[in-house]
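Structural description and commentary
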Amino acid sequence: MGVKTYLRTVGVNGLLQLLKSKLTKSDPIYKTSRKECKFPFWVRLTTSDIPTCKQIFIYREYDFAVKESPKIIIDAGANIGLASIFFANKYPDAQILAIEPEKSNFDLLARNTAPYPNITAIQAALWHKNEQINLVDPGLGKWGFMTEQKGISAQQNNICHSVPAITVSKLMEDYNLEKIDILKIDIEGAEKEVFSDSSPWVNKVNSIIVELHESQKPGCNRSFYCGTNGFDTEWKQGENVYLSRNNYLSKQTDSN
């Protein structure tokens, strides 16, 4: 990551803190703020938190037009909560469920979203069954943890910890959701499992934003598209595929 990226995401003070950390060989957590966010938040300066921040707040990959203000947003694969924070500031009346399986990411997610009463942080993994599964580190950084069924790992040394897995249907049942306005999914290949049988819930979703990981887990694309028939609008924005029904979402033409 270059100097310009740090200047645009965490400013001069963040860059200076990074340089200091290199001298002291530390791994700092830095408190930063943005004018579009009501509250400051924390990032880990030497990790993928910085390009994540860039994608969300500089490139505005989750900026779009809506037919009506969303009431329910699910952020699956919430990482440290930056997308949830973006949504909470843009749609302050929305209920946001931020789901993240990995412990260190979740701890920072809980810290970052604590000031927002409309964000609920959930340590779990979105999946096609309600069960305990493994979280695996393939070495892709803090944004690259993957999930898999227990007992099938070919690389046992890469297992971080187990985590409860939850289906979209169970999530809707637990939180009394009749509809989901925006389902944002960035779950490092687990979209293959999630969409393998989406029939119980997909018709209750107005729009989906997903990053597909076909190169990491072959079959993701087929599973996703087979499981999302009925959406009438599709486009790509950044690394994400957008699906919408009845023009609930549309591509933003005048980025803020």
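Our structure's up above, just so we're on the same page.
Described below are features of the structure shown in this document. No experiment lies behind these values; they were computed from the predicted model shown. (Residues numbered from 1 in each chain as written. Predicted model: local features only at pLDDT ≥ 70, side-chain atom pairs only at ≥ 80, totals over all residues. Heavy atoms only, no water.)

Notes on the packing of helix α1 (residues 3–24) against helix α2 (residues 49–58)
Contact pair α1 / α2: the axes reach a minimum separation of 10 Å and the direction vectors enclose 65 degrees. Overall, the two elements α1 and α2 adopt an arrangement that is roughly perpendicular. As for how α1 packs across α2, the hand of that crossing is left-handed. Where α1 abuts α2, its residues Thr-5, Tyr-6, Arg-8, Thr-9 and Val-10 lie against Ile-50, Cys-53, Lys-54 and Ile-58. (Axes fitted to C-alpha atoms, helices over the stretch in contact; angles between N-to-C directions. Helix = DSSP H or I, 4+ residues; strand = E, 2+ residues; numbered from the N terminus. Parallel < 35°, antiparallel > 145°, perpendicular 65-115°, else oblique. Left-handed = near helix turned anticlockwise from the far one by under 90°. Contact = heavy atoms within 4.5 Å.)

Thoughts on the pattern of salt bridges
Enumeration over the complete set of coordinates arrives at 9 salt bridges. Between Arg-60 and Asp-63 there is a salt bridge, with the nearest N and O atoms lying 3.2 Å from each other. Among the residues examined, Asp-63 registers a relative accessible area of 1% and is labelled buried. A salt bridge links Lys-103 to Asp-107, with the shortest nitrogen-to-oxygen separation between them at 2.9 Å. Of this pair, Lys-103 and Asp-107 both sit in helix α4 (residues 103–113), separated by 4 residues, roughly a single helical turn. (Salt bridge = Lys/Arg side-chain N within 4 Å of Asp/Glu carboxyl O. Buried < 20%, exposed > 50% of the residue type's maximum accessible area, 1.4 Å probe, protein only.)

Structural notes on a nonpolar patch on the surface
Residues Val-3, Leu-7, Val-12, Leu-16 and Leu-19 make up a contiguous nonpolar surface patch of about 440 Å² in total accessible area. Structurally, the position occupied by Leu-16 is in helix α1. (Patch = residues over 30% accessible without salt bridge, like charges linked within 9 Å, V, L, I, M, F, W, Y side chains within 5 Å. Areas by Shrake-Rupley, 256 points an atom, 1.4 Å probe, with all protein chains shown as cover.)

Describing the sheet that holds strand β8 (residues 131–136)
Taken in spatial order, the 4 strands of this open sheet run β7-β10-β8-β9, and their pairing is mixed. The open sheet has two edge strands with one neighbour each: β7 (125–126) and β9 (146–149). Here β8 runs beside strand β10 (residues 159–166); their pairing, made up of 6 bridges, is antiparallel. Note that in β10 the partner of Glu-131 across the bridge is Ala-165. (Pairing = 2+ DSSP bridges.)

Looking at α4
The set of residues buried in α4 consists of Asn-105, Phe-106, Leu-108, Leu-109, Asn-112 and Thr-113. Within α4, the buried residues cover an arc of 165 degrees as seen down the axis, which keeps them to one side. Contact partners of the buried residues in α4: β1 (29–32), β2 (41–44), α2, α3 (82–90), β5 (95–99) and β6 (119–122). (Arc of directions from axis to C-beta.)

What about the environment of Val-163?
Turning to its location among the elements, Val-163 is positioned in strand β10. The sequence separation of Val-163 and Ala-125 amounts to 38 residues, and the corresponding C-alpha distance is 6.9 Å. Once you skip the residues sitting within four places of it in the chain, Val-163 turns out to touch Pro-101, Gln-123, Ala-124, Ala-125, Glu-131, Gln-132 and Ile-133.

Some words on the packing of α2 against α3
At a closest axis distance of 10 Å, the pairing of α2 and α3 adopts a crossing angle of 25 degrees. By the angle between their directions, the pair α2 and α3 is classed as roughly parallel. Relative to α3, α2 is oriented so that their crossing is right-handed. Contact with α2, carried on its side by Asp-49, Thr-52, Cys-53, Ile-56 and Phe-57, involves Leu-82, Ala-83, Ile-85 and Phe-86 of α3 and no other residues of that element. Of the residues contributing to the contact of α2 with α3, the split by class is 7 nonpolar, 1 polar and 1 charged. (Nonpolar A, V, L, I, M, F, W, Y, C, P; charged D, E, K, R; others polar.)

Examining the packing of aromatic side chains
Counted according to the given criterion, the structure contains 12 aromatic pairs. With centroids separated by 4.8 Å and ring planes inclined at 15 degrees, the aromatic side chains of Trp-235 and Tyr-242 adopt a geometry described as stacked. In this structure, Trp-235 and Tyr-242 share a single accessibility class: buried. Put simply, the rings of Phe-41, Phe-57, Tyr-62, Phe-64, Phe-86, Phe-87, Tyr-91, Trp-235 and Tyr-242 touch in pairs and so form one group of aromatic residues. Lying over the aromatic face of Phe-64, Lys-90 brings its terminal NZ or CZ to 5.3 Å of the ring centre. Over the ring of Phe-231 we find Arg-245, and its NZ or CZ is 3.9 Å from the ring centre. (Phe/Tyr/Trp six-rings, centres within 6.5 Å; stacked < 30°, edge-to-face > 60°. Lys NZ or Arg CZ within 6 Å of the ring centre and 35° of its normal.)

Details of the environment of Gln-17
Topologically, Gln-17 is positioned in helix α1. Taking relative accessible area as the criterion, Gln-17 reaches 29% and is therefore assigned partly exposed. Along the sequence, Gln-17 and Leu-45 sit 28 residues apart, while their C-alpha atoms lie 8.3 Å from each other. Discounting residues that sit within four places of it in the chain, Gln-17 has contacts with Pro-28, Tyr-30 and Leu-45.

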